[in-house]
Amino acid sequence: MIAPPPLRDDCFALPPGVDWLSVEFALELLRNAMRPKVATMCVDLGVATGRILAEDITASENSPPHANSAIDGYGYLGVQSEDRDVICLSLMQGRAAAGHPFGTPVPEGYAVKVLTGAILPEGVDTVVMQEDVSADSHEIAFRGPLKAGKNTRSVGEDIQTGQVLFGKGRKIRTSDLAVLASVGISQVTVYQPLRVGILSTGDELIEPGEQAQVGQIYDANRPMLIGQMMQLGYDVLDMGRADDDAQSLRFILNSAADRCDALITTGGASAGEEDHMSALLRDSGSLEMWRIAVKPGRPMAMGLWSGLPVFGLPGNPVAAMVCALVFTQPALRTLAGGTWKMPQSFDVAAAFEKSKKPGRREYLRARIRKGCAEVFRSEGSGRITGLSWAEGLVELAEPAHDVKIGDKVRYIPFSEF
Ligand code: AMP
Ligand code: MG
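Residues numbered from 1 in each chain as written. Chains lettered and ligands numbered in written order. Predicted model: local features only at pLDDT ≥ 70, side-chain atom pairs only at ≥ 80, totals over all residues. Heavy atoms only, no water.

What follows is about the nonpolar core. In this structure, Trp-290, Phe-311, Phe-327 and Leu-332 are the most contacted members of the largest nonpolar core, which totals 55 residues. Of all the secondary structure elements, the ones that give two or more residues to this core are α1 (23–33), β14 (195–201), α3 (221–231), β18 (262–266), β19 (286–292), β21 (300–305), β22 (308–313) and α6 (317–335). Examining the composition of this core, we find that 11 residues originate from one element, α6, more than from any other. Each residue touching Leu-332, except ones within four places of it in the same chain, is listed here: Leu-194, Val-196, Met-229, Tyr-234, Ala-262, Ile-264 and Phe-311. With 20 residues, the next largest nonpolar core counts Ile-252, Leu-253, Leu-263 and Ala-301 among its residues. (Core = buried A, V, L, I, M, F, W, Y, C linked by side-chain atoms within 4.5 Å. Buried < 20%, exposed > 50% of the residue type's maximum accessible area, 1.4 Å probe, protein only. Helix = DSSP H or I, 4+ residues; strand = E, 2+ residues; numbered from the N terminus. Contact = heavy atoms within 4.5 Å.)

What follows is the structure, encoded as structure tokens:
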């Protein structure tokens, strides 16, 4: 349970001469910079959903372990029914049921009652469906031809001994638990949950529930990001709010460095006089201002504070959410031990028109209705309600675009990030 080595000091460093980053390039930098930051632990399958595998998992058994019947019916040797119109077989006494093997071989000319999941007795490789059979206590008859092997499951047809079931870095899904259990695996080695701190900055911010004075606004980013990160399965630490004041920010950053594996901050990340996050990181940590050619989004302040990776997102809630989805989420996934993963997107017809200037990549709040992508009526980055209206983002690439209704645009559901 030993923790992996720290990130490189210059992990967020930009190559010399780079001022503006394309989204593509920023993601490539993150991909190369990020490493798993958490130790591993062993967990029972019951609590493994959403955890990230820290090892490849190989099957040490076949599934199914024995050839068995896929239906309720009568089992026999299949060559007897391959090219005959009517098949009559003597019926053996007894039956094979799931968990109750028949035990004795079935000779040619004979059939035996088998139930779904029963191991095929020796001499049986084919099962005819119960409903297709006339039977009395001594014999059965049914119409052919019926191919040998019909209605059976062969040994190892789903999983073979030695097969790699899941690779290190996979985020375990509920269906994976069935796969693992089907070959007798009861525990897996996973990464400990990444501890992600969430911090808001800004003198104007107050808590929802408090009485707002003139000039104050409620902190909308923190609940959103806390929820977002909890949904991703991280251990979220609410680091509260920091004033626009270097001293209090320093105190919180120090505390975050003790308690978190990664920190997401919003606000104060630009180069203005009240942008203390970037100023502090510049003075005492390692700051890299990432000016990414993306809309919405202002510079992201990336840095290490005593080894703690800090993702300084723009304060504007819309920009904060888009940057968290596009940049922070893939980075955190890697810090958490997961494989680097880009969201799956879909080309769908646009239900909107838009003329886009060249230069930046744009993300529009969007959703699919009647098979087409709609976008929120306002692109205003202060329009928080558009985030709730939307179910995903339309991604418009860097070149200029004149999107007409019916043109194909790229849509990414929120769940894909
Ligand atoms: P900043 O990046 O600090 O310059 O903030 C940009 C804009 O986002 C300003 O209008 C801030 O008031 C607003 N803002 C910053 N943080 C938050 C927050 N946590 N919740 C809502 N609005 C915010
Ligand atoms: Mg601010």
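Applying the stated criterion to the full structure yields 1 cavity of 30 Å³ or more. Viewed by domain, the lining of the largest cavity spans two of them, domain 1 (23–38 + 193–335) and domain 2 (43–61 + 163–191), each represented by three or more residues. (1 Å grid on protein atoms, 1.4 Å probe; cavity = no way out; pocket = protein on both sides within 12 Å on 5 of 7 lines; lining within 4 Å. Points joined across faces, edges and corners; volume = space filled by probe spheres on them. Domains from an automatic or database assignment.)

Here we come to the domain arrangement of the protein. Domain parsing of the protein yields domain 1 (23–38 + 193–335), domain 2 (43–61 + 163–191), domain 3 (68–153) and domain 4 (346–416). A C-alpha centroid distance of 59 Å is found between domain 3 and domain 4.

Here the focus is unusual backbone geometry. Cis rather than trans, the peptide bond between Gly-144 and Pro-145 has omega equal to -5 degrees. Note that Pro-145 resides in the loop between β10 (139–143) and β11 (152–153). Cis geometry marks the peptide bond from Lys-295 to Pro-296; its omega dihedral reads 0 degrees. Positionally, Pro-296 belongs in the loop between β20 (294–295) and β21. Of note in the backbone geometry, Ser-306 takes a positive phi value of approximately 45 degrees without being a glycine. Within the element layout of this structure, Ser-306 appears in the loop between β21 and β22. Accessibility expressed as a relative area gives 63% for Ser-306, which makes it exposed. The phi angle at Lys-370 is positive, at roughly 50 degrees, despite the residue not being glycine. For Lys-370, the location among the structural elements is in the loop between β25 (361–369) and β26 (372–375). Looking at Lys-370, the relative accessible area reads 87%, which means it is exposed.

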